[in-house]
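Okay, here's what each chain looks like letter by letter:
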Amino acid sequence: MKTSYITLPNSLLDMKLTANELAVLFYISSIYSGKKQVRVRQAVIARRCGIKTTQTVSRITASLAMKGLLEQRRCIYSANDSGIMFYTVCLPSADNGYFKVSRHILDEGLTPQQMRLYLFICRSVSSKLGYCWNSYNDLAKLIGMKRSDVITLMTQLHRKNVIRKQLVKS
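Below: a short report on this structure. All figures in this text were calculated on a predicted structure; none of them were measured in a lab. (Residues numbered from 1 in each chain as written. Predicted model: local features only at pLDDT ≥ 70, side-chain atom pairs only at ≥ 80, totals over all residues. Heavy atoms only, no water.)

### Details of unusual backbone geometry
Thought 1: Even without a glycine there, the phi angle at Lys16 is positive, about 60 degrees.
Thought 2: For Lys16, the position within the fold is in the loop between strand 1 (5-9) and helix 1 (19-32).
Thought 3: Positioned with a positive phi, Asn161 is a non-glycine residue whose angle comes to about 60 degrees.
Thought 4: Checked against the element boundaries, Asn161 lands in the segment after helix 6 (147-159).
Thought 5: Accessibility expressed as a relative area gives 68% for Asn161, which makes it exposed. (Helix = DSSP H or I, 4+ residues; strand = E, 2+ residues; numbered from the N terminus. Buried < 20%, exposed > 50% of the residue type's maximum accessible area, 1.4 Å probe, protein only.)

Now the structure itself:
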């Protein structure tokens, strides 16, 4: 049985991947589970990651392959199977730390931007405190977004009951 979480290296979020790249890599990692390779249709990746077209998925996986994070090989059994690919995940070393993310987050229908913020929040959770202490400004700087966009995404994540917000006085 699959574990209910995925372990990702902290350095993954320092690689300046786009929101779409993070979403696709997270999804493929969630079904990868240490197998030699995983077979999945690009249409399934698009649907699970909130990406509109399989052409976009194809560009994203090619970009991830160029960055050394993914190996891909087309699987053609018949003319109808042209969208099935074999993928091997090549995550960086977790020697400098890691964070865990629940696999169930994929069932929430998050957009790639929401997923990116969620992954940064998961990485920022303090093991001592048990919550993410970063301010909107901190998260905006880490992600490279405007503060107002981070606030909007946080509100969306809160409305989906993916995160809880709590005002903490210092």
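### What to know about the pairing of strand 5 (residues 98-102)
Along a regular strand, successive side chains alternate from one face of the sheet to the other.
Thought 1: Only one face of strand 5 is buried: it carries Phe99 and Val101, and the other face, with Tyr98, Lys100 and Ser102, is open.
Thought 2: Of the pairings in the sheet, the one linking strand 1 to strand 5 comprises five bridges and is antiparallel in character. Across the sheet, Ile6 pairs through a bridge with Val101, a residue of strand 5. (Pairing = 2+ DSSP bridges.)

### Some thoughts on the nonpolar core
Thought 1: Ranked by size, the top nonpolar core spans 49 residues in total, and within it Phe26, Ile28, Ile45, Val101, Leu117, Tyr118 and Leu119 carry the most contacts.
Thought 2: If you tally residues by element for this core, the top one is helix 1, at nine residues.
Thought 3: Beyond its immediate stretch of four places on either side in the chain, Leu117 contacts Leu139, Ile143, Val150, Leu153, Met154 and Leu157. (Core = buried A, V, L, I, M, F, W, Y, C linked by side-chain atoms within 4.5 Å. Contact = heavy atoms within 4.5 Å.)

### Observations concerning empty space enclosed by the protein
Thought 1: This structure, assessed with the given rule, holds one cavity of 30 Å³ or more.
Thought 2: Taken together, Ala23, Arg48, Cys49, Ile105, Leu106, Gly109, Leu110, Thr111 and Met115 make up the lining of the largest cavity. (1 Å grid on protein atoms, 1.4 Å probe; cavity = no way out; pocket = protein on both sides within 12 Å on 5 of 7 lines; lining within 4 Å. Points joined across faces, edges and corners; volume = space filled by probe spheres on them.)

### Side note on the side chain of Glu21
Thought 1: Here Glu21 is to be found in helix 1.
Thought 2: The exposure class assigned to Glu21 is buried, which follows from its relative accessible area of 4%.
Thought 3: Beyond its immediate chain neighbours, meaning those up to four positions away, Glu21 contacts Ile60, Ser63, Leu64 and Lys67.

### Let's talk about the environment of Leu12
Thought 1: In this fold, Leu12 is placed in the loop between strand 1 and helix 1.
Thought 2: Under the relative-accessibility criterion, Leu12 is labelled buried at 3%.
Thought 3: Sequence separation between Leu12 and Ser93 is 81 residues; the distance between their C-alpha atoms is 9.0 Å.
Thought 4: Ignoring anything within four residues of it in the chain, the contact list for Leu12 reads Leu17, Leu22, Leu25, Leu69, Leu91 and Pro92.

### A word on the sheet that holds strand 2 (residues 38-41)
Thought 1: Within the open sheet, the three strands sit side by side as 2-4-3. Their pairing is antiparallel. Only two strands of the sheet have a single partner each, and these edge strands are strand 2 and strand 3 (70-74). Taken pair by pair, the neighbouring strands of this sheet meet at an average axis angle of 35 degrees, ignoring direction.
Thought 2: In this sheet, strand 4 (residues 84-89) lies alongside strand 3 in antiparallel orientation, the contact comprising five bridges. Bridging from a neighbouring strand, Arg73 pairs with Phe86 of strand 4.
Thought 3: Taken strand by strand, helix 2 (residues 42-49) contacts strand 2 and strand 4, and its axis lies near 75 degrees from that of strand 2. (Axes fitted to C-alpha atoms, helices over the stretch in contact; angles between N-to-C directions.)

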